[in-house]
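# Observations on chain architecture
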Amino acid sequence: MATADKPNLFSNLFRDIGKPGGGIAPTTMLAIGTVALLGLVAGGFLLRSRVDKLVTELAFAKREVESTNERLMSLQREVSQIRQDQSSAAAMIARLDHRLSAMAQPTSPMNNVLQITAVEAKLIREFLMKIDAFKPMVEAGHKVGDTIPEDRLLDFSALLTQGVPKLKNTSYTIDQTGSIIIVSENRIVAILDFVNVAR
């Protein structure tokens, strides 16, 4: 086929196909194959471009997921650390609470241990010194909750119990170290030692 006839290739193709018993010339078949091949190549390039774009997007998404996972793991570690800190703080608070409870509780099974403040202890000591009532009547070494025989006990003065009302219905004795032992119903409820500390 001459070069001048190439533009008419497609028109000849459709003209020849429409005729009864008409066939397709080899050059026409070649043209169709070439066009189809070009279409496939163009489609392949387009598909390759789309695939490359999808691969890039997937790689980016994967990096985002990995970054998110790292942040989540970091947050989980922080939450775990916070929980450990809370657990440690709770344990410390429990220990402190236990110590405070132990300090507030009597050192014996009795529940009516008398709490004498430092000011009250000083007032009691000074009053007893004024009336010269520091003659030892019992041995040293007693502790809260111990019993003291009645014949070793003295009543507090009404003047003193007015100043320290919690001493009402109590009595006292002095041990060999000069500690004041306060007793209620024959049981020691407080001991004021020589440095005026209630215990």
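Residues numbered from 1 in each chain as written. Predicted model: local features only at pLDDT ≥ 70, side-chain atom pairs only at ≥ 80, totals over all residues. Heavy atoms only, no water.

## Describing the sheet that holds strand β4 (residues 187-192)
Going by this rule: Strands are labelled as partners when DSSP assigns at least two bridges between them. Each helix is a run of DSSP H or I of at least 4 residues and each strand a run of E of at least 2, with the numbering of both proceeding from the N terminus. We call two residues in contact whenever any of their non-hydrogen atoms come within 4.5 Å of each other. Helix axes are fitted to C-alpha atoms over the stretch in contact, other axes to C-alpha atoms as well, and angles between N-to-C directions run from 0 to 180 degrees.
The strand order across the open sheet built from four strands is β1-β2-β3-β4, with neighbouring strands paired in antiparallel fashion. The sheet is open, and its two borders are formed by β1 (154-155) and β4, each paired with just one other strand. Bridge count between β1 and strand β2 (residues 171-174): two bridges; the pairing is antiparallel. In the strand pairing of β2, aspartate 155 is matched with serine 171. Lying on the sheet, helix α3 (residues 118-130) is in contact with β2, β3 (180-184) and β4; it crosses β3 at an angle near 105 degrees.

## Re α3
The cut-off we apply is this: Between the first and last residue of a helix there are one fewer steps than residues, each counted as 1.5 Å, and that sum is the expected span. Here's how the labels work: a residue is buried when its accessible area is under 20% of the maximum for its type, exposed when over 50%, partly exposed in between, all with a 1.4 Å probe on protein chains only. Arc definition: directions from the helix axis to the C-beta atoms.
Between the first and last C-alpha of α3 there are 18 Å, a value that for 13 residues agrees with the 18 Å anticipated at 1.5 Å per step. For α3, every residue scored as buried is listed here: Glu120, Ala121, Ile124, Arg125, Phe127 and Leu128. Down the axis of α3, the buried side of the element spans an arc of 165 degrees, and every buried residue falls inside it. Turned more than 90 degrees away from the buried face of α3 sit Ala118, Val119, Met129 and Lys130, all of them exposed. Residue aspartate 132 follows α3 closely and has a positive phi angle near 55 degrees.

## Considerations on the nonpolar core
To be explicit about the condition: Here, nonpolar core refers to any group of buried Ala, Val, Leu, Ile, Met, Phe, Trp, Tyr and Cys residues whose side-chain atoms link them within 4.5 Å.
With 18 residues, the main nonpolar core has Ile116, Ile124, Leu167, Ile180 and Ile182 as its most contacted residues. At the level of elements, α3, β2, β3 and β4 are the ones that each hand at least two residues to this core. Ranked by residues supplied to this core, first place goes to α3 with four residues. The next biggest cluster of nonpolar side chains, apart from the first, holds nine residues, and it includes Leu153, Ile181, Ile188 and Ile191.

## Concerning the pairing of β4
Along any regular strand, the residues point their side chains to alternate faces of the sheet. Most of β4 sits out of view: five of its six residues are buried. Strand direction decides the pairing type here: β3 and β4, joined by five bridges, are antiparallel. Paired with serine 184 across the strands is arginine 187, a residue of β4. Where β3 hands over to β4, the hairpin turn is made up of two residues, of which glutamate 185 adopts a positive phi near 55 degrees.

## Here we look at the pattern of salt bridges
What counts, and what does not: Any Lys or Arg side-chain nitrogen located within 4 Å of an Asp or Glu carboxyl oxygen qualifies as a salt bridge.
Inspection of the entire model under this criterion finds three salt bridges. A salt bridge links glutamate 120 to lysine 166, with the nearest nitrogen and oxygen atoms 3.0 Å apart. Taken together, the residues glutamate 120 in helix α3 and lysine 166 in the loop between α4 (158-163) and β2 connect sequence positions 46 residues apart. Overall, glutamate 120 belongs to the buried group, its relative accessible area being 17%. The partner of aspartate 146 in a salt bridge is lysine 143, and the shortest N-O contact between them spans 3.6 Å.

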